[in-house]
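Architecture at a glance
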Amino acid sequence: MVLNPVLGKLVSKRVVLASASPRRQEILTNVGLRFEVVPSWFKETLEKSSFAAPYEYAVETAKQKALEVANRMHVKHLRTPDVVIGADTIVTVDEQILEKPVDKQDAYRMLSRLNGKEHSVFTGVAIIHCSSKDNQLETEVTDFYEETKVKFSDLSEELLWEYIHSGEPMDKAGGYGIQALGGMLVEYVHGDFLNVVGFPLNHFCKKLAELYYPPSKHNVQHKKYDSIPSVDTFENLSDGESESSNFTEHKGASKLDSSGMCSSEAIYNSENSSSVTTALMVPLENQNGVSESAAKLPSKILELMDGFRASKALFVASKLKIFDHLKDKGPLKAVDIADEVGTSVCGTERLLDACAGLGLLEKTTQGYSNTDSTNTYLTSDGEYSLHGYVIHSNDHLWPLFTNLESAVKEGTRQNHRAFGKKAEDLFKDYYHSQEVKQRFMAAMHSIAHLTARDVATAFDLSRFRSACDLGGCTGALAHELVQIYPNLKVTVFDLPEVIANTSYFQPSGQHTAQVTFVSGDFFKDNLPEADLYILSRVLHDWPDEKIHVLLSKVSAVCKPGSALLVAEIVLDEQKTHPPRAVLQSLSMTEGKQRSGSEYKQLLEKYGFTNVQIKITGNLLDAVLCIKKNPSP
Ligand SMILES: Cc1cn([C@H]2C[C@H](O)[C@@H](COP(=O)(O)OP(=O)(O)OP(=O)(O)O)O2)c(=O)[nH]c1=O
């Protein structure tokens, strides 16, 4: 719990990570920081020879990345962030700076230079505090760098090429990722491991401590924070602001994170702390500004307790199309929105305030407007709209979860209680009601579209010429695949009533002709020929007997050397994480979520080998396996 107080200083601030790096996002999310992701457009083209030392190049690049985002956000939306964080990671060997390889040959060149040697990894970080004065952006820049030494073993040519063909080197400085397959190349690491992965978390926290808790008169001996101050130190400091552990900061709006999801990780997680008494007693200021002690509130539990209210507020605002209206016409006052959507003014105002409190809306004197994340994810025509899934959650999942107690007691799905119908009859509804069908397809489309890029790029699929997405629904993944792999043709195979309704979801533009739709039932009909089969969000839904039928068919039609790509949430080996997957299981479908080793075992049982698993950090992970040659 030592690190949290300093990160807590950022809780009530609008923090932006100016980086597209999924590793940086993960490192900061893992420690409970809430932030938005706005990748920088700054091109990494600074003249390297103009810097006296390589780290200066990394620091300057990090600074420029962050400043570009701060300026763009300020100019574009006049909604200046409070803090923008930028970073740049480089690898240096023999005075040369290595960034990300441009192609496989370049990766080979870099890895050969690192082979058998020690090299340095530098990450430059810039923390920019922003404010707006007379509409001008004002910035205060704090920067630093961290160095880690890494040594590669002596590696064979064959191993280097095998590694390059895995596709992993391409988006990483120096052409390797120490956190994944690249870890196998490394003999030792001296220094901060996370620095190599792209973000020196420890040094970052020390910097924040320097910034937010400058040495006071009473503790002048602490000139510099060589270590992160203990909880006690923080609690005794009074810097005029409410302390990070103060409840008022707990009440700060939960910002949407990069994926548009509210972070469920509590910033303060002292439930697990062993130094209970002192750590749980924190100063709270009463209305007279006098500090008093009170038991620290268990923020994670409170967040969970209120979770249902927050979900329902989101669902109702989506159902009423409030986000759509605000996108078109915002900022709007409550009375205007109530008029637009035909609701009471007082009820609408409460809902809008709740949405603002949850970080879904901004409230200013002009009225309410959407945040960027809301425009992207919650409007029905947003680039990565989850609107369909939100409506499905309200109309279908909410009634099921209302009956969770009976579901747990009986161990069965609660359609009869939630909808007064058995599962088979509900399915018939799905066939007969155009509205229900489209709602369901929109929900599936939302998730498929949002995850498509990460699934499509989880592995290098460029060697395949034809793919068949079984149960591919609206073709969202298929369209992403053909964008990324222009030599690929994809057949989307799904039930006739699904295929008949796909036209609404089709994108326009290049490569669309490479996607074709074929109707059929993957349990009964012949499967189209392909050298890559895809099962995305299919396996977790069906009981073992059905999976047996399906995987036997896929295995039979798949030629040796051809592959099967499975997109699912992959559970950890304890089968408790990610919570999203285990919560989905509570719907009590006949299928189940699986861990990595369970997927491996399942796929090997049906004649697949070389099972590789990629945790994408998105809502779906990816598993790729190859059909093996029949045994002689
Ligand atoms: C050496 C090494 C680098 N990396 C990654 C970290 C960085 O994401 C990347 C270096 O490229 P960067 O240019 O630092 O970052 P980026 O392009 O990924 O993201 P952005 O510019 O938007 O901030 O290499 C690893 O993931 N593992 C490693 O072992």
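Residues numbered from 1 in each chain as written. Predicted model: local features only at pLDDT ≥ 70, side-chain atom pairs only at ≥ 80, totals over all residues. Heavy atoms only, no water.

1. Remarks on empty space enclosed by the protein
Stated precisely, the cut-off is as follows: Grid points spaced at 1 Å over the protein atoms alone were grouped into cavities, where a 1.4 Å probe fits but cannot get out, and pockets, open sets with protein on both sides within 12 Å along at least five of seven lines, with lining residues defined by an atom within 4 Å of a point. Grid points are joined across faces, edges and corners, and a volume is the space filled by probe spheres set on the points. Numbering of helices and strands starts at the N terminus; helices are DSSP runs of H or I of at least 4 residues and strands are runs of E of at least 2.
For the structure shown, the criterion picks out 3 cavities of 30 Å³ or more. If you add up the space inside the second largest cavity, you get close to 40 Å³. Every residue lining the second largest cavity is listed: Leu400, Phe401, Leu404, Ala407, Arg413, Gln414, Leu586, Ser587 and Met588. Mapped onto the lining of the second largest cavity, the elements with two or more residues apiece are helix H16 (387-402) and helix H17 (404-410).

2. What to know about the sheet that holds strand S20 (residues 621-627)
Backbone-to-backbone hydrogen bonds join strands into a sheet, with any given pair of strands oriented parallel or antiparallel. Condition: Strand pairing follows a simple DSSP-based rule, namely that at least 2 bridges must link the two strands. For every element, the axis is a line fit to its C-alpha atoms; helices are fit only across the contacting stretch, and the angle between N-to-C directions ranges from 0 to 180 degrees. Two residues form a contact once any of their heavy atoms are found within 4.5 Å.
Taken in spatial order, the 7 strands line up as S14-S13-S12-S15-S16-S20-S19 in an open sheet, and their pairing is mixed. Single-partner strands in this sheet number two, and they are strand S14 (515-519) and strand S19 (608-614). Along the sheet, successive strands turn relative to each other by an average axial angle of 20°, direction set aside. Sheet topology places S19 next to S20; 5 bridges connect them, and they run antiparallel. In the strand pairing of S20, Lys614 is matched with Ala622. Strand contacts of helix H23 (residues 544-557): strand S12 (466-470), strand S15 (532-536), strand S16 (563-568), S19 and S20, with the helix running at about 165° to S15, the strand carrying the most contacts.

3. Considerations on the confidence of the model for the protein
Selection criterion: For every residue, the pLDDT score states the predictor's confidence, bounded by 0 at the bottom and 100 at the top.
Looking at the protein, the pLDDT average stands at 85 and 84% of residues meet or exceed 70. For residues 217-294, every residue scores under 50 in pLDDT, and the model assigns this stretch 153 contacts once sequence neighbours within four places are set aside. Interface confidence in the predicted complex, given as ipTM, is 0.92; pTM for the same model is 0.56.

4. Some thoughts on the site of the ligand
As a reminder of what qualifies: Working definition: residue near molecule or strand if any one of its non-hydrogen atoms lies within 4 Å of it. As used in this structure description, the phrase polar contact means that two N or O atoms lie within 3.5 Å; if the pair is within protein, one of them must be able to donate a hydrogen and the other to accept it, and residues adjacent in sequence are counted only when both atoms belong to side chains.
As a matter of local geometry, the ligand sits amid 21 residues, with Ser19, Arg24, Lys65, Lys100 and Ile178 nearest to it. In the model, an oxygen atom of the ligand is placed 2.7 Å from a nitrogen or oxygen of the Arg24 side chain. Here Asp88 contributes a side-chain N or O atom positioned 3.2 Å from an oxygen atom of the ligand. Listed by contribution, the elements that provide at least two residues to the shell around the ligand are helix H2 (22-30), strand S3 (83-93) and helix H6 (193-197).

5. Considerations on the packing of aromatic side chains
Note the following rule: Any pair of Phe, Tyr and Trp rings, taking the six-membered ring for Trp, is counted once the centres come within 6.5 Å. Such a pair is stacked with planes under 30 degrees apart, edge-to-face with planes over 60 apart, and tilted for the rest. Burial status follows relative accessibility: with a 1.4 Å probe on protein chains alone, a residue under 20% of its type maximum counts as buried, one over 50% as exposed, and anything between as partly exposed.
All chains considered together, the criterion is met by 11 aromatic pairs. Both rings, one in Phe315 and one in Trp398, keep their centres 6.0 Å apart while their planes meet at 85°; by these two values the pair is edge-to-face. With a gap of 83 residues between them, Phe315 in helix H11 (residues 299-319) and Trp398 in helix H16 connect regions that are remote in the sequence. Look at Trp398 and you get partly exposed, because its relative accessible area is 27%. Ring centres 4.9 Å apart and planes at 80° place the aromatic pair Phe523 and Trp542 in the edge-to-face group. Linking Phe523 in the loop between S14 and S15 with Trp542 in the loop between S15 and H23, this pair joins segments that are 19 residues apart in sequence. A relative accessible area of 30% means that Trp542 is categorised as partly exposed.

6. Regarding unusual backbone geometry
In this chain, Gly330 is followed by Pro331 through a cis amide linkage whose omega measures -5°. The topology assignment puts Pro331 in the loop between helix H12 (322-329) and helix H13 (334-341). Each neighbour pair has its own omega, and for His577 with Pro578 the value is -5°, a cis peptide bond. Here the phi dihedral of Glu95 falls at roughly 70°; this positive angle occurs in a residue that is not glycine.

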